[in-house]
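One-letter residues, chain by chain:
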Amino acid sequence: DLPGKVLPVVVALNGEPPEGYKIKNISAVPQEVVIYAEQTLLAELDEISTKAVDVTDMPEAKRLWVDLDLPEEVYSGVGEKVQVFIEVTAEESNF
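Because the structure is a prediction, the values reported are computed rather than measured. (Residues numbered from 1 in each chain as written. Predicted model: local features only at pLDDT ≥ 70, side-chain atom pairs only at ≥ 80, totals over all residues. Heavy atoms only, no water.)

1. A short note on the sheet that holds strand β3 (residues 21–29)
Reasoning step 1: Pairing in this open sheet of three strands is antiparallel, and the strands run β3-β9-β7 from one edge to the other. Every other strand in the sheet has two partners, leaving β3 and β7 (62–67) as the edge strands with one partner each. Averaged over neighbouring strand pairs, the angle between their axes works out to 30 degrees when direction is ignored.
Reasoning step 2: Of the pairings in the sheet, the one linking β7 to strand β9 (residues 81–90) comprises six bridges and is antiparallel in character. For leucine 64, the partnering residue across the bridge sits in β9 and is valine 84. (Pairing = 2+ DSSP bridges. Helix = DSSP H or I, 4+ residues; strand = E, 2+ residues; numbered from the N terminus. Axes fitted to C-alpha atoms, helices over the stretch in contact; angles between N-to-C directions.)

2. As for the sheet that holds strand β8 (residues 75–76)
Reasoning step 1: Ordered by their spatial adjacency, four strands build an open sheet running β5-β1-β4-β8, and the pairing between neighbours is mixed. Looking at strand neighbours, the two that pair on one side only are β5 (48–49) and β8, the edges of this open sheet.
Reasoning step 2: For strand β4 (residues 32–36) and β8, the ladder comprises two bridges, and the chain directions are antiparallel. By the bridge assignment, isoleucine 35 is partnered in β8 with serine 76.

3. With respect to the pattern of salt bridges
Reasoning step 1: In the structure shown here, the tally under the stated rule is three salt bridges.
Reasoning step 2: Here lysine 51 and aspartate 69 are joined by a salt bridge, their closest N and O atoms 3.5 Å apart. You can see lysine 51 sitting in the loop between β5 and β6 (53–54) and its partner aspartate 69 sitting in the loop between β7 and β8, a full 18 residues away along the chain.
Reasoning step 3: For aspartate 69, a relative accessible area of 39% puts it in the partly exposed group. (Salt bridge = Lys/Arg side-chain N within 4 Å of Asp/Glu carboxyl O. Buried < 20%, exposed > 50% of the residue type's maximum accessible area, 1.4 Å probe, protein only.)

Dropping the structure here:
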């Protein structure tokens, strides 16, 4: 049996929202995952990232399933996907 460790999930983003919009909130469910690997690998890990989510054309909130970006020989206790919620809001105008 491989040893396990609880790590926070970090959502990786790619790009910027459309002009006039900004990211208000990003969350992952679950927020933490149990991962399993050899002890030497576990000692090197502080967090687990998702695969990059492209927010380039995202003018509204989006909920999607995203793969975890697991290093080789690292396994997740929840499977390889987490649910990600990205909240996008219009930037306030200065006029």
